[in-house]
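# Working through the structure, step by step
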Amino acid sequence: VSAGLPETRTDTAMSELVPEPRPKPAVPMKPMSINSNLLGYIGIDTIIEQMRKKTMKTGFDFNIMVVGQSGLGKSTLVNTLFKSQVSRKASSWNREEKIPKTVEIKAIGHVIEEGGVKMKLTVIDTPGFGDQINNENCWEPIEKYINEQYEKFLKEEVNIARKKRIPDTRVHCCLYFISPTGHSLRPLDLEFMKHLSKVVNIIPVIAKADTMTLEEKCEFKQRVRKELEVNGIEFYPQKEFDEDLEDKTENDKIRQESMPFAVVGSDKEYQVNGKRVLGRKTPWGIIEGNSLHLLEELIADQTHLQDLKEVTHNIHYETYRAKRLNDNGGLPPGEGLLGTVLPPVPATPCPTAE
């Protein structure tokens, strides 16, 4: 019996050396075009209608942040965009009131209904930004607020018993108001957009554009675009997020011709050629906010509004989420290293001159 053992091992070793014949991989069949007329009506074309009905029932969220110095017409512009009083003029102070020493964050929520579709619009105002003598690091409270909304969404997302619909307080769009100096961007403008463009969709806006002539406005827009490019600041719509040639063609036109938007915001109506328009009355006539239509199309239309939400979720939020989980060793917030509740990080004040 012992003499037969080596033979058994040899046979086993030989069988291991000879590879077993592999089955040939199945070649995937080309999708066949089926004539639905032969099979009867299926109903595939109703999917879009089903999605529309579901959206109309649940509605959706859109959160827009406005940043800029006081007196640039931030509240007026947002009211004009959404054709309702959605933003209070909270950034103006009476003589008796002191200018806040830090940047404040004020969120005002509204429900706008149009054609049976409900949109919960939240306008986040930032009174105090850029109003100090020394504005060093005064964008930090704004960046902190944006990241806090990502953190809030992430904690809801990793819960075992998740809500059916997670409340979305993430900032989908940030309108940054540029003062119509006609010269160049201020260091504060560049520093803010350089830091915040990494965490939110920034749309630069030249406020009160009617204070410049057409030639001054055109030159200023070109100068701003050049400065943004030189400083490596990406604004919405970002080049790397163009999905196809059609997107690229449409967005290139916006980036090269429209950006930054030069707008004339007004929430007052006037009669012009038998038509009621939003505009500003001057001694020489009514200035209609024609350029505002371009901004309306970018933010409040059907395609870009959804795109702003998708870029926020798929790019900015995912970047935050990956970094957060990686810093925590792959564990979700609330476990392991992040199990303890940390005290809130205090907002960095904008120091004032003595």
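Cut-offs used in this document
- Residues numbered from 1 in each chain as written.
- Predicted model: local features only at pLDDT ≥ 70, side-chain atom pairs only at ≥ 80, totals over all residues.
- Heavy atoms only, no water.
- UniProt positions renumbered as here; feature names shortened; annotations may be inferred.
- Helix = DSSP H or I, 4+ residues; strand = E, 2+ residues; numbered from the N terminus.
- Buried < 20%, exposed > 50% of the residue type's maximum accessible area, 1.4 Å probe, protein only.
- Contact = heavy atoms within 4.5 Å.
- Areas by Shrake-Rupley, 256 points an atom, 1.4 Å probe, with all protein chains shown as cover.
- pLDDT = per-residue confidence, 0-100.
- Pairing = 2+ DSSP bridges.
- Salt bridge = Lys/Arg side-chain N within 4 Å of Asp/Glu carboxyl O.
- Patch = residues over 30% accessible without salt bridge, like charges linked within 9 Å, V, L, I, M, F, W, Y side chains within 5 Å.
- Lys, Arg positive; Asp, Glu negative; His and termini not counted.
- Charge placed at Lys NZ, Arg CZ, Asp CG, Glu CD.
- Axes fitted to C-alpha atoms, helices over the stretch in contact; angles between N-to-C directions.

Going by an unreviewed UniProt entry, the protein chain carries the name Neuronal-specific septin-3 and comes from Callithrix jacchus. UniProt annotates the protein chain under Subunit (unreviewed entry) with the comment "Septins polymerize into heterooligomeric protein complexes that form filaments, and can associate with cellular membranes, actin filaments and microtubules. GTPase activity is required for filament formation." Taken verbatim from the UniProt record of the protein chain, the Subcellular location (unreviewed entry) comment is "Cytoplasm".

Now for the overall build of the protein chain. Check the secondary structure of the protein chain and you find 10 helices and nine strands. Here the protein chain, with 354 residues, has 37% of them falling under the buried criterion. Sequence-distant contacts, at least 24 apart, represent 70% of the contacts inside the protein chain between residues at least 6 apart. For the protein chain, the accessible area works out to roughly 22500 Å², and carbon and sulfur atoms hold 55% of it.

Moving on to the confidence of the model for the protein chain. Across the protein chain, the average pLDDT comes to 74, with 66% of residues at 70 or higher. Of all helices and strands in the protein chain, the one with the weakest mean pLDDT is helix α1 (residues 4-17) (50), whereas helix α5 (residues 140-157) scores best (93).

Counting buried residues in strand β4 (residues 173-178) gives six out of six residues, a clear majority hidden from the surface. Burial of β4 is two-sided: the residues Cys173, Leu175 and Phe177 facing one way and the residues Cys174, Tyr176 and Ile178 facing the other way are all buried. Where strand β1 (residues 60-67) meets β4, four bridges bridge the pair, whose relative direction is parallel. In the sheet register, isoleucine 64 faces β4, and the bridge partner there is cysteine 173.

Attention now moves to the pairing of β1. Burial analysis of β1 places seven of its eight residues in the buried class, which makes it a mostly covered element. As judged from the seven bridges shared by β1 and strand β3 (residues 117-125), these two strands associate in the parallel manner. Looking at the pairing, phenylalanine 62 lines up with leucine 121 of β3.

Across the junction of tyrosine 236 and proline 237, the peptide omega takes the value 0°, indicating a cis bond. For proline 237, the location among the structural elements is in the loop between α7 (214-230) and α8 (245-258). Although it is not a glycine, lysine 208 adopts a positive phi angle of roughly 45°. With respect to the helices, strands and loops of the structure, lysine 208 is situated in the loop between β5 (202-206) and α7.

Take the pattern of salt bridges next. Evaluation of the coordinates by the stated rule reveals 12 salt bridges. For arginine 170, the salt bridge goes to aspartate 168, with nearest N and O atoms at 2.8 Å. Taking the relative accessible area as the measure of exposure, aspartate 168 reaches 11% and is therefore buried. Its salt-bridge partner being aspartate 327, residue lysine 323 comes within 3.0 Å of it at the nearest N-O pair. Of this pair, lysine 323 and aspartate 327 both sit in helix α10 (residues 302-327), four residues apart, which is roughly one turn of the helix. Classification of lysine 323 as exposed rests on a relative accessible area of 56%. Here the salt bridges do not stand alone but share partners, grouping Glu151, Lys155 and Arg324 into one network.

As a further point, take the environment of leucine 190. Summarising the element assignment, leucine 190 is placed in helix α6 (residues 187-196). Separated by 38 residues in the primary sequence, leucine 190 and leucine 228 place their C-alpha atoms 7.6 Å from one another. In contact with leucine 190, other than residues within four places in its own chain, are Leu185, Glu227, Asn231 and Ile233.

Further remarks concern a negative patch on the surface. Together, Glu243, Asp244, Glu246, Glu250 and Glu310 give the surface a local cluster of negative charge. Structurally, glutamate 246 is set in helix α8. Residue glutamate 246 is classed as exposed on the basis of its relative accessible area, which comes to 62%.

This part covers the environment of arginine 165. Relative to the elements of secondary structure, arginine 165 occurs in the loop between α5 and β4. Considering only alpha carbons, one finds arginine 165 and threonine 58, 107 residues apart in sequence, at a separation of 9.5 Å. Filtering out sequence-adjacent residues up to four positions away, arginine 165 remains in contact with Thr58, Gly59, Phe60 and Asp61.

The subject of this paragraph is the environment of threonine 312. Mapping threonine 312 onto the fold places it in helix α10. In sequence terms threonine 312 and cysteine 173 are 139 residues apart; their C-alpha atoms lie 8.3 Å from each other. Discounting chain neighbours no more than four positions away, the residues touching threonine 312 are Tyr150, Arg170, Val171, His172, Asn201 and Tyr317.

If you trace the six strands from one edge of the open sheet to the other, you get β2-β3-β1-β4-β5-β6, paired in mixed fashion. The open sheet terminates on both sides in strands that have one partner only, identified here as β2 (106-114) and β6 (261-262). Strand contacts of α5: β1, β2 and β3, with the helix running at about 170° to β1, the strand carrying the most contacts.

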